[in-house]
Amino acid sequence: MHPDSFVVKEKTDNRTTAPHVLPIYATSSFVFENSDQSVDIFRNIETGHVYSRYANPTVDTVAQKIADLETLDLHQHAEAVLTSSGMSAISTLILATLKAGDKVLTQANLYGGTTELLRDIMQPLGIETIFTDLKDLTRVEDMLVRDPSIRLVYCETPANPTLACVDIAAIAGLAHRYEAWCVIDNTFPTPLLQRPFAHGVDFIIHSTTKYLNGHGNSIAGVIVGRDRELMRKQVWRTMKLTGTNCSPFEAWLTHNGLKTLALRMERHCTNALTLAEFLQNHPAVEKVHYPGLPNHPDHALARRQMLGGFGGMLSFELKGGMESGMRFMNRLRFCTLAPTLGDVDTLLLHPASSSHLNVPREVREQNGITDGMIRISVGIENVADIIADLEQAMEEQI
Ligand SMILES: *Cc1c(COP(=O)(O)O)cnc(C)c1O
């Protein structure tokens, strides 16, 4: 062999002792031992890896861990496909399950990107979306009765920005009665605080970018489903052919984060409840939205369908509208202004001057986003430091 070939030739030693920590398989393809094996792999007789867009050992391990977490103690089996982002999990799932002429029924207060995807990308492809109030079960049933082309009911609970909750079991039951699938975006609660398969949903999606990773260092998503045929023939195949696969490095970062999910969620929940109670009693605050507070309109429902905690997301309305919202944000010293959520550090967003700046006020207010509303992704720091920062930022507003 010549030196120039020698440096190129791959040398893999597969006889080493098994690694303790999940390795990153940074390889685009996998070798066949011989042509018989390649025939078997392509015929699905032998399960082997072929090409990392189809499947990759690092990515598969993380996907299955999330699927197992979503079915823990449920005596059910689920499979998962990891994707390049939360948005690609949603788009892949819609393209995998619907075709032109089919419709989606969903709520008005969805993650902003999801609303835009449904309205601006799916609608022109012939997949129409009907936005309604998913809490109004009579109306939902009426819509399903009248329109058999509704094939998918999509929900988010608790949802941005008021942390309003949807009755998952009731919605899944209605969807099934009229032969539609029920999908839930479980990003906010995570499987630690809410197991939607226990309430009958067909698919769960996550932006793993948020709590599942928890450290704000990767963008990825996941689709989890219980129907093996549907997952393999439609969901996995759509991911593979639209190329929305997750990279092994992003999967590995997600896996690292997942290990502390239980510890983090415990602290997110206690910190958020303490903070909600503090804000509720503060004279500069008009209103606090947190499902863990007994006066939240969906407290009883959240208690019933969530698992002992109400999550790390809360929002509150400052007295004095736009001006006081902006002034408050500018005075923060310890907490961070950032448009993401679910990280270990506390992140604040003033939607009226950021994410919703270009949304007309009437439209924004219809969805509960008032001028003085602040959204907090409560971190896992010592809660006294978070409270002290918010307190000093509100000082002049009393
Ligand atoms: C962030 C987010 C998404 C989109 O996920 P990306 O990873 O940013 O693509 C979807 N749903 C919810 C609830 C989110 O918070």
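Look up a bit, the structure's there.
The rules behind these values
Residues numbered from 1 in each chain as written. Predicted model: local features only at pLDDT ≥ 70, side-chain atom pairs only at ≥ 80, totals over all residues. Heavy atoms only, no water. Pairing = 2+ DSSP bridges. Helix = DSSP H or I, 4+ residues; strand = E, 2+ residues; numbered from the N terminus. Axes fitted to C-alpha atoms, helices over the stretch in contact; angles between N-to-C directions. Contact = heavy atoms within 4.5 Å. Near = heavy atom within 4 Å. Polar contact = N/O pair within 3.5 Å; in protein donor to acceptor, adjacent residues only side chain to side chain. Areas by Shrake-Rupley, 256 points an atom, 1.4 Å probe, with all protein chains shown as cover. Nonpolar A, V, L, I, M, F, W, Y, C, P; charged D, E, K, R; others polar. Left-handed = near helix turned anticlockwise from the far one by under 90°. Disulfide = S-S within 2.5 Å. Buried < 20%, exposed > 50% of the residue type's maximum accessible area, 1.4 Å probe, protein only. Salt bridge = Lys/Arg side-chain N within 4 Å of Asp/Glu carboxyl O.

J.: Can you help me understand the sheet that holds strand β7 (residues 221-225) in this one?
T.: Sheets are built from strands paired through backbone hydrogen bonds, the pairs being either parallel or antiparallel. A sheet is described by the order of its strands in space; here 7 strands give the open sequence β1-β7-β6-β5-β4-β2-β3, paired in mixed fashion. Since the sheet does not close on itself, it has two edges, and those belong to β1 (79-83) and β3 (128-132), each with one partner. Recorded for the sheet is a direction-independent mean angle of 20° between the axes of neighbouring strands. Across 5 bridges, the pairing between strand β4 (residues 150-156) and strand β5 (residues 181-185) is parallel. Bridge assignment links Cys-155 to a residue of β5, and that residue is Ile-184. Sitting on the sheet, helix α9 (residues 228-242) touches β1, β5, β6 (203-207) and β7, and the angle it makes with β1 is about 10°.

J.: Help me understand the sheet that holds strand β11 (residues 347-349), please; the structure alone is not making it clear to me.
T.: Strand order in the open sheet made by the 5 strands is β8-β9-β12-β11-β10, with mixed pairing throughout. Edge strands, defined here as strands with exactly one partner in the open sheet, are β8 (285-289) and β10 (336-337). Bridge count between β11 and strand β12 (residues 373-377): 3 bridges; the pairing is antiparallel. Residue Leu-348 lies in a different strand from β12, and its bridge partner there is Ile-376. Each of β9 (313-318), β10, β11 and β12 touches helix α13 (residues 321-331); the most contacted strand, β9, lies at about 125° to it.

J.: Looking at this structure, how should I read the site of the ligand?
T.: Inspection of the region around the ligand gives Ser-85, Gly-86, Met-87, Tyr-111, Asp-185, Thr-187, Phe-188, Ser-207, Thr-209, Lys-210, Ala-220 and Leu-341 as its neighbouring residues. Ser-207 is positioned with one of its side-chain polar atoms (N or O) 2.8 Å from an oxygen atom of the ligand. Between Lys-210 and the ligand, the recorded distance is 2.7 Å, taken from a side-chain N or O atom to an oxygen atom. Compared with its free state, where it exposes 380 Å², the ligand has 93% of that area covered by protein. Its residues assigned to classes, the shell around the ligand shows 5 nonpolar, 5 polar and 2 charged.

J.: How should the packing of helix α4 (residues 86-97) against α9 be read in this particular structure?
T.: Think of two packed helices as two axes; the pair is described by the angle between the axes and how far apart they sit. Two elements in contact, α4 and α9, have axes separated by 9 Å at closest approach and are oriented at 120°. With respect to the hand of their crossing, α4 and α9 are arranged in right-handed fashion. In this structure, α4 uses Thr-92, Leu-93, Leu-95, Ala-96 and Thr-97 to contact α9, whose residues at the interface are Gln-234, Val-235, Thr-238, Met-239 and Thr-242. Considered class by class, the residues forming the contact of α4 with α9 number 5 nonpolar, 5 polar and no charged.

J.: Looking at this model, I keep getting lost on the state of the cysteines. Mind explaining?
T.: In a disulfide, the sulfur atoms of two cysteines are held together by a covalent bond. One pass over the structure, following the stated rule, counts 0 disulfides. Here Cys-165 stays unpaired: no disulfide links it, and the sulfur of Cys-155, its closest cysteine neighbor, is 11 Å away. The thiol sulfur of Cys-335 is not disulfide-bonded, and the nearest other cysteine sulfur, from Cys-269, lies at 18 Å.

J.: Would you mind showing me how to read unusual backbone geometry here?
T.: Negative phi characterises most residues that are not glycine, and trans characterises most peptide bonds. A cis amide bond, omega -10°, links Thr-157 with the succeeding residue Pro-158. Looking at where Pro-158 falls in the secondary structure, it is placed in the loop between β4 and α7 (168-177). Here the bond from Asn-160 into Pro-161 is cis, since omega is -15°, no more than 30 degrees from zero. Relative to the helices and strands, Pro-161 resides in the loop between β4 and α7.

J.: I tried to follow the environment of Leu-293 on my own but got confused; where do I start?
T.: Summarising the element assignment, Leu-293 is placed in the loop between β8 and α12 (299-305). Residue Leu-293 is classed as buried on the basis of its relative accessible area of 1%. On a C-alpha basis, the gap between Leu-293 and Gln-194 in space is 17 Å, while along the polypeptide they are 99 residues apart. Residues within four places of Leu-293 in sequence aside, it is in contact with Leu-273, Ala-276, Glu-277, Gln-280, Val-288 and His-299.

J.: Whenever I open this one, the pattern of salt bridges confuses me. Can you help?
T.: When charged atoms on two side chains of opposite charge get close, those side chains can pair. According to the stated counting rule, one finds 12 salt bridges in the structure shown. Lys-99 is paired through a salt bridge with Asp-102; the nearest N and O atoms lie 3.6 Å apart. On the accessibility criterion, Lys-99 (54% relative accessible area) is exposed. A cluster of three or more residues bridged by salt bridges with shared partners is formed by Glu-79, Arg-228 and Arg-232.

J.: In this structure, what is going on with helix α10 (residues 248-258)? I would like to understand it.
T.: Because each turn of an α-helix spans 3.6 residues, side chains separated by three or four positions end up pointing in the same direction. Those residues of α10 that fall on the buried side of the exposure criterion are Pro-248, Ala-251, Leu-253, Thr-254, His-255, Gly-257 and Leu-258. Buried residues along α10 sit in contact with α3 (57-70), β1 and α11 (261-280).

Remember that the coordinates give geometry; whether it matters functionally is a separate question.
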